Amino acid sequence: MVGFAGKSAVAGCVAFMASLGIGVPSAAVAEQCANPTGTYTAAVPWGQRLIDPVRIWPLSRGTGQLVAVIGTGVDGGNGQFAPGQLLGGQGTQADDCDGRGTIAAGIVGAQPDPSTTFTGIAPGAKILPIRYTQVNGGGDPGQLASAIETALNRGAGIILIAVPAASDSPALTGAVSRAREKGALVISPAAGSQQGQTSYPTATPGVLAVGSTNQAGEAVQTEAGSYVGISAPGAELVSTSAGAGGTVAHRWPVSDPSLAAAHVAGVAALVRAYHPELSPEQVVTRLTLTAHRGPTGGHDPRRGWGAIDAYAAVSASIPAGTPGPGGPPNTGPDTFVVPAAAPARANADKVSGVLALSGVAAAIAAGVVVAAVRRGKRRGWKPSRFRAS
């Protein structure tokens, strides 16, 4: 992440010195902590335009969802988090010297504010900030496993791994299994920037692994594998900053492949709020089926099944039991869906209740076309996805 590698290294060093009982002047520590670039007032950030949350809010704002943000903590002093939105109590940290957790949490759920064009994806969601590391590149997998257990004990339905670990452990694999048993969706980024690097629990079965792209749709992380399920923005981003001291303040431009997972976690909160009956596996199916496919139409080891399409993921009516792309387990024909029409956007920031009702009705009435792909492939054609507008 731009501007954070050095700070993370210093924070890790400070923590190590503290563990040895070596005192560190507080002013020196504060000097190395994250601080705002300013208040962002330029054009709507590209990642936010891609997700287009305002278009979805008549249907869902993520209300009722608890998203655990596991990484470096979240600074509750940023004014773009609503009172009570960040949950405290056992296992949580309301400060974030490193800053990455605060940026991820802002992408998930920062509130709309007239002083800025930046907003989070699911402002109705609550956020559970859990710190397990301050080390750039991730921390101990056993500590990460404990953080996941804490999130489960606190009732999180979506668990965002804002900072993945660089190695695996039986404890981490077990924590992921328990998350699945309890109906929690674990989302983790493919954040490796060196050849052959693997992130965990990103590569663990049962986790939605997220690849990262830039504005051109190009993958920006080196990590690749068949486990990557979907891609989302991870470069040249804007989000909430740690160190704001109660004001609305941001950092930009921020580039970190890990932040792609924050976008997916925000969209997952919108989906689960609108479709509370869905299991984590069904949410993943919905996200990957509606994603914008790459040029080949198939799976890409760095971008998964394509770029996330948030409106389609929320509004499409997908028949129960529909397999994910490629069929289970990633074999067989692809399935294509047609999402419902979007509500009109004459005044997107002041959508009326009537529009909200009509949007819901459109989502129900439009339905989904599940293509007869096997027969189509025999005829030598491949169906394209058409999105009504």
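For the structure itself, consult the block above.
Procedures and definitions
- Residues numbered from 1 in each chain as written.
- Predicted model: local features only at pLDDT ≥ 70, side-chain atom pairs only at ≥ 80, totals over all residues.
- Heavy atoms only, no water.
- Pairing = 2+ DSSP bridges.
- Helix = DSSP H or I, 4+ residues; strand = E, 2+ residues; numbered from the N terminus.
- Axes fitted to C-alpha atoms, helices over the stretch in contact; angles between N-to-C directions.
- Expected span 1.5 Å × (residues − 1).
- Buried < 20%, exposed > 50% of the residue type's maximum accessible area, 1.4 Å probe, protein only.
- Core = buried A, V, L, I, M, F, W, Y, C linked by side-chain atoms within 4.5 Å.
- Contact = heavy atoms within 4.5 Å.
- Disulfide = S-S within 2.5 Å.
- Parallel < 35°, antiparallel > 145°, perpendicular 65-115°, else oblique.
- Left-handed = near helix turned anticlockwise from the far one by under 90°.
- Nonpolar A, V, L, I, M, F, W, Y, C, P; charged D, E, K, R; others polar.
- Salt bridge = Lys/Arg side-chain N within 4 Å of Asp/Glu carboxyl O.
- Phe/Tyr/Trp six-rings, centres within 6.5 Å; stacked < 30°, edge-to-face > 60°.
- Lys NZ or Arg CZ within 6 Å of the ring centre and 35° of its normal.

Student: It is not clear to me how the sheet that holds strand β3 (residues 158-161) should be interpreted in this structure. Could you clarify?
Tutor: Whether parallel or antiparallel, the strands of a sheet pair through hydrogen bonds between backbone atoms. Sheet architecture is open: six strands sit in the order β2-β1-β3-β4-β5-β6, paired in parallel fashion. Two strands lie at the open edges of the sheet, namely β2 (126-131) and β6 (228-233), each paired on one side alone. Between one strand axis and the next, the sheet turns through 25 degrees on average, direction left out of account. Pairing between strand β1 (residues 66-71) and β2: six bridges, direction parallel.

Student: Whenever I open this one, helix α8 (residues 259-274) confuses me. Can you help?
Tutor: Since there are 3.6 residues in each turn of an α-helix, residues three or four apart along the chain are aligned in direction. When the terminal C-alpha atoms of α8 are compared, their 24 Å separation across 16 residues agrees well with the 22 Å that a helix rising 1.5 Å per residue should span. Judged by how many residues are buried, α8 sits mostly within the fold: 15 of 16 residues are covered.

Student: I'm lost on the nonpolar core in this one. Help?
Tutor: Burial of nonpolar side chains together is a common tendency in soluble globular proteins. With 75 residues, the main nonpolar core has Ile70, Ile159, Ile187 and Leu287 as its most contacted residues. With 12 residues, α8 is the single largest residue contributor to this core. In this structure Ile70 touches Ile130, Tyr132, Leu144, Ala147, Ile148, Ala151, Ile159, Leu160, Ile161, Ala162 and Val163, once residues within four positions along its chain are discounted.

Student: Would you explain the state of the cysteines in this entry?
Tutor: A covalent bond between the sulfur atoms of two cysteines is what we call a disulfide. Scanning the entire structure with this criterion turns up one disulfide. One disulfide in the model links Cys33 with Cys97; its S-S distance is 2.1 Å. Classification of the bridge connecting Cys33 and Cys97 rests on its S-S torsion, roughly -105 degrees, and on that basis the disulfide is left-handed. With a gap of 64 residues between them, Cys33 in the loop between α2 (26-32) and α3 (46-51) and Cys97 in the loop between β1 and α5 (100-109) connect regions that are remote in the sequence. Assessed through its relative accessible area of 15%, Cys97 is described here as buried.

Student: Mind showing me how you'd approach the packing of helix α6 (residues 141-153) against helix α7 (residues 170-181) here?
Tutor: Each pair of packed helices can be described by the angle between their axes along with the distance between the axes. α7 packs onto α6 with a crossing angle of 20 degrees between their chain directions and a minimal axis gap of 8 Å. As the angle between them shows, α6 and α7 are arranged roughly parallel. In the crossing of α6 with α7, the sense of the turn from one axis to the other is left-handed. Contacts between α6 and α7 involve Pro141, Leu144, Ala145, Ile148, Glu149 and Leu152 from the former and Ala171, Leu172, Ala175, Arg178 and Ala179 from the latter. Its residues placed into classes, the contact of α6 with α7 shows nine nonpolar, no polar and two charged.

Student: Sorry if this is basic, but what is going on with the pattern of salt bridges here?
Tutor: Any two side chains of opposite charge can pair, so long as their charged atoms come close to each other. Under the counting rule described, the total for this entry stands at five salt bridges. Between Asp95 and Arg131 there is a salt bridge; the shortest N-O distance is 3.2 Å. Of this pair, Asp95 sits in the loop between β1 and α5 while Arg131 is found in strand β2, placing the two residues 36 residues apart along the sequence. For Arg131, a relative accessible area of 26% puts it in the partly exposed group. Taking the shortest distance from any N to any O, the salt bridge between Asp300 and Arg303 comes out at 3.3 Å. With relative accessibility at 25%, the residue Arg303 sits in the partly exposed group.

Student: How should I be thinking about the packing of aromatic side chains in this particular structure?
Tutor: For any two aromatic rings, the description comes down to two numbers: the centre-to-centre distance and the angle of the planes. Scanning all chains against the criterion turns up one aromatic pair. Geometrically, the ring pair formed by Tyr40 and Trp252 is edge-to-face, given 5.1 Å between the ring centres and 80 degrees between the ring planes. On the criterion of sequence distance, the pair formed by Tyr40 in the loop between α2 and α3 and Trp252 in strand β8 (residues 250-254) is long-range, its members being 212 residues apart. Assessed through its relative accessible area of 27%, Trp252 is described here as partly exposed. The ring of Tyr311 is capped by Arg55, whose NZ or CZ atom sits 4.2 Å from the centre of that ring. Stacked on the ring of Trp57, the Lys or Arg Arg61 has its end atom at 4.7 Å from the ring centre.

Student: Looking at this structure, how should I read unusual backbone geometry?
Tutor: For residues that are not glycine, phi is negative in most cases, and the peptide bond is trans in most cases. Cis geometry is found at the peptide bond from Tyr200 to Pro201, where omega equals 10 degrees. Residue Pro253 is reached from Trp252 by a cis peptide bond, and omega for that bond is -15 degrees. Looking at the secondary structure, you find Pro253 in strand β8. For Asp52, which is not a glycine, the phi torsion comes out positive at approximately 55 degrees. For Asp52, the position within the fold is in the loop between α3 and α4 (53-56). On the accessibility criterion, Asp52 (18% relative accessible area) is buried. The phi angle at Glu236 is positive, at roughly 55 degrees, despite the residue not being glycine. As for its position among the elements, Glu236 is in the loop between β6 and β7 (237-240). For Glu236, a relative accessible area of 46% translates into the label partly exposed.

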